[in-house]
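Residues per chain, in single letters:
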Amino acid sequence: MRLSRYFMPTLKETPSEAQIVSHRLMLRAGMVRQATAGIYSWLPLGFKVLKKIEQIVREEQDRAGAHELLMPTIQPADLWRESGRYDDYGKEMLRITDRHDRDMLFGPTNEELITDIFRFYVKSYKDVPQLLYHIQWKFRDEVRPRFGVMRGREFLMKDAYSFDIDYAASKHSYNKMFLAYLRTFERMGLKAIPMRADTGPIGGDLSHEFIILAETGESQVFCDKQWMEIDLAGDNVDYDSDLDPRVTELTNIYAATDEMHDPAACPVGEADLITARGIEVGHIFNFGTKYSAAMKAEVQTPDSSQVPVMMGSYGIGVSRLVGGIIEASHDDAGIVWPDQVAPFGAAVINLRQGDDKTDAACEDAYAKLKAAGVDPLYDDRNERAGGKFADMDLIGLPWQLIIGPRGVANGVVELKRRATGERQELSLDAALQQIIG
RNA sequence: CGGAGCGUAGCGCAGCCUGGUAGCGCAUCUGCUUUGGGAGCAGAGGGCCGCAAGUUCGAAUCUUGCCGCUCCGACCA
């Protein structure tokens, strides 16, 4: 992409409404624009990151054997009356009336809809397990939306739902999601720690929150310092194998949210206990028959009896992750995107737009990066070097290929790694080699 | 939902106390000079001073109501 033709309205100054660093940087980098409290438009740069995160989530869900579908944002109230949540959900649910005076709502989550889909089609134990997910906008009319996309009212969430014949099978589905989540967050360059969590209004007895540690996190969390050293990268899961040993191994390392942490009963000594702030980026629940019983989602067993299916639900805050990743990865100059979610793979910075030789060298580099599939952003604006450096540091692409007349005369370019600030002067080919890896 | 604060140009702000026809920096546009870490000079455009009512000869400024946004706390992907 040529920056001169792109829509990337960066700001030099921070709008006053933004308090936390991710919100400030997202506004300054021109990633989002607030429409009203807790509701955002995603501008091209932000949208690209959102889509990258979404894609990683999708790939890992698919790998775990979940099937993607898409449910609507607007739902009929009747389904929620069946489950009993129409009244329970309270003011957080945005209620709408259509022209025929029918009660509708903007979905805050999708247990009811998915259960309705499941029960309509699935009647036999032979047709479970099922693991279905979608990535769709949700609306929760938060009392106090804040922190930009970290706590918006409208947000993009991946929510998966499992349907199993008995507890053992549903635990296996739970384990799949547990390990899939670790892989998912690891791929985004995040350390997300699964913590024992309260099941809250969704119900059930087995639940973990996946939390990334950040100073601006909303909740207090506690974990064994082992979590800091543990490497989850190597987890190449065979989802059809028995997952319990690995999950047990991990859940035995202490980690709990504030509500679940009892200092008196904590097995970890004070010296080994990390107390920190955390951001919840995922939450998984095994809640048994709460919805299937209420909504009669039953299957027939081999002995011809009818049993409600055991269910679980599994959420990842996709839009929240955009902010979460920035919270976890930034410096004074701006965002430092992990390679996997960066909106562009590399920047080409032309230090002297209009200088024939420099322009030619930049075009050459740009074409080669494009051909290599790097998806480069070429800063071909007629701006001064300082402004270009500042903007590129702000938007935090992993690599900056800096090309100016001085280097061109010597046959070298400068390659800067955003994360470390390390710079090298080398030939274009050598630089391309490093970027392409 | 309890407590607090703020609405003046795209962004950051001053002016308000003590009423007199709206200002600064950045950004934008034009021209010239510049060009390796947010340039200089000269000129220009851009405002129902959140909305409404009131007080007053006169309201950004005082009063009241409303709306919006933000922050702290209790609750949530």
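**Q** Help me understand the overall build of chain A in this model?
**A** A tally of helices and strands in chain A yields 14 helices and 23 strands. For chain A, whose C-alpha radius of gyration is 24 Å, the value lies close to the compact-globule estimate of 22 Å for 437 residues. Principal axes of the C-alpha set define a box for chain A whose edges measure 80 × 60 × 40 Å. Residues counted as buried form 53% of the 437 residues belonging to chain A. Once local pairs closer than 6 in sequence are excluded, the contacts in chain A between residues at least 24 apart make up 72%. In the structure as shown, chain A presents an accessible area of about 19,500 Å², 48% of it carried by carbon and sulfur atoms.

**Q** Any chance you could explain the domain arrangement of chain A here in plain terms?
**A** Interfaces are often sized by the amount of accessible area the parts lose when they come together. Here chain A is partitioned into domain 1 (3-335) and domain 2 (344-436). Of note, the centres of domain 1 and domain 2, computed from C-alpha atoms alone, are 38 Å apart. Listed per partner, the contact involves 15 residues of domain 1 and 14 residues of domain 2. With both sides pooled, the region where domain 1 packs onto domain 2 buries about 1,200 Å², and carbon together with sulfur makes up 59% of that total. There are 2 salt bridges connecting domain 1 and domain 2. Across the salt bridge formed by K48 and D375, the nearest N and O atoms sit 2.6 Å from each other. If you list the elements that add at least two residues to the side of domain 1 that touches domain 2, you get helix 1 (21-28), helix 2 (44-63) and strand 18 (334-335). Its residues assigned to classes, the side of domain 1 that touches domain 2 comprises 9 nonpolar, 3 polar and 3 charged.

**Q** Explain the sheet that holds strand 21 (residues 399-403) to me, please; I cannot follow it from the model alone.
**A** Pairing between the strands of a sheet comes from backbone hydrogen bonds, and it takes one of two forms, parallel or antiparallel. Here 5 strands make up an open sheet; going across it, the order is 20-19-21-22-23 and the pairing mixed. The sheet is open, and its two borders are formed by strand 20 (376-379) and strand 23 (423-426), each paired with just one other strand. Put simply, the sheet's adjacent strands are angled 20° from each other on average, direction ignored. With 4 bridges connecting them, strand 19 (residues 346-350) and strand 20 associate as parallel partners. Note that in strand 20 the partner of A347 across the bridge is L377.

**Q** It is not clear to me how the environment of D244 should be interpreted in this structure. Could you clarify?
**A** If you trace the backbone, D244 turns up in helix 8 (residues 244-251). Assessed through its relative accessible area of 29%, D244 is described here as partly exposed. What D244 contacts, discounting residues up to four positions off in sequence, is K171 and N175. Polar contacts involving the side chain of D244 include one to the side chain of N175, which spans 2.9 Å.

**Q** Mind showing me how you'd approach the protein's contact with RNA strand B here?
**A** Around RNA strand B there are 47 residues in total, and S16, T36, E280, E414 and R423 lie nearest to it. Within 4 Å of the protein, the contacting atoms of RNA strand B are 44% sugar and phosphate, with bases supplying the remainder. Note that a base nitrogen of RNA strand B is positioned 3.0 Å from one of the side-chain N or O atoms of R146. Per element, the largest residue contribution to the surface near RNA strand B is 7 residues, and it comes from helix 12 (residues 385-395).

**Q** Quick question: what am I supposed to make of unusual backbone geometry here?
**A** Following V128, the chain continues into P129 via a peptide bond in cis, with omega recorded as 5°. Its place among the elements puts P129 in the loop between helix 5 (111-121) and strand 7 (130-139). One non-glycine residue, D101, adopts positive backbone phi at about 70°. Positioned with a positive phi, S304 is a non-glycine residue whose angle comes to about 70°.

**Q** Hey, could you run me through the sheet that holds strand 5 (residues 94-97) in this one?
**A** Strand order in the open sheet formed by 3 strands is 4-6-5, with antiparallel pairing between adjacent strands. The sheet terminates laterally at strand 4 (74-76) and strand 5, the two strands that pair on one side only. Within this sheet the neighbouring strands show an average axis-to-axis angle of 35°, counted without direction. Pairing between strand 5 and strand 6 (residues 103-106): 4 bridges, direction antiparallel. Within strand 6, the residue paired with R95 across the bridge is L105.

**Q** What is the right way to look at the pairing of strand 1 (residues 32-36) in this model?
**A** A regular strand carries its side chains on alternate faces of the sheet. Pairing of strand 1 with strand 2 (residues 39-42) involves 4 bridges; the strand directions are antiparallel. Residue pairing across strands places V32 opposite W42, the latter belonging to strand 2.

**Q** Even after reading the chapter, I still don't get the pairing of strand 16 (residues 310-317), so can you show me in this structure?
**A** The buried count for strand 16 comes to 8 of 8 residues, which makes it a mostly enclosed element. Across 8 bridges, strand 8 (residues 154-164) lies against strand 16 in antiparallel orientation. Among the inter-strand pairings, M157 is bridged to a residue of strand 16, identified as G317. Pairing between strand 13 (residues 273-288) and strand 16: 6 bridges, direction antiparallel. Each residue of the ladder has a partner; that of I284, found in strand 16, is Y314.

**Q** How should I be thinking about the nonpolar core in this particular structure?
**A** Note that soluble globular proteins tend to have their nonpolar side chains buried in a common cluster. Ranked by internal contacts, the top residues of the largest apolar core, which has 83 residues, are M31, I53, F185, M188 and W337. Top element by residues in this core is helix 6 (residues 167-187). It accounts for 8 residues. The residues contacting F185, other than those within four sequence positions of it, are L190, A192, F210, V281, G282, I316 and L321. With 24 residues, the next largest nonpolar core counts M71, Y161, Y291 and M311 among its residues.

Criteria and thresholds
- Residues numbered from 1 in each chain as written.
- Chains lettered and ligands numbered in written order.
- Predicted model: local features only at pLDDT ≥ 70, side-chain atom pairs only at ≥ 80, totals over all residues.
- Heavy atoms only, no water.
- Helix = DSSP H or I, 4+ residues; strand = E, 2+ residues; numbered from the N terminus.
- Rg over C-alpha atoms; globule rule 2.2 N^0.38 Å.
- Buried < 20%, exposed > 50% of the residue type's maximum accessible area, 1.4 Å probe, protein only.
- Contact = heavy atoms within 4.5 Å.
- Areas by Shrake-Rupley, 256 points an atom, 1.4 Å probe, with all protein chains shown as cover.
- Domains from an automatic or database assignment.
- Buried area = accessible area lost by both parts, 1.4 Å probe.
- Salt bridge = Lys/Arg side-chain N within 4 Å of Asp/Glu carboxyl O.
- Nonpolar A, V, L, I, M, F, W, Y, C, P; charged D, E, K, R; others polar.
- Pairing = 2+ DSSP bridges.
- Axes fitted to C-alpha atoms, helices over the stretch in contact; angles between N-to-C directions.
- Polar contact = N/O pair within 3.5 Å; in protein donor to acceptor, adjacent residues only side chain to side chain.
- Near = heavy atom within 4 Å.
- Core = buried A, V, L, I, M, F, W, Y, C linked by side-chain atoms within 4.5 Å.

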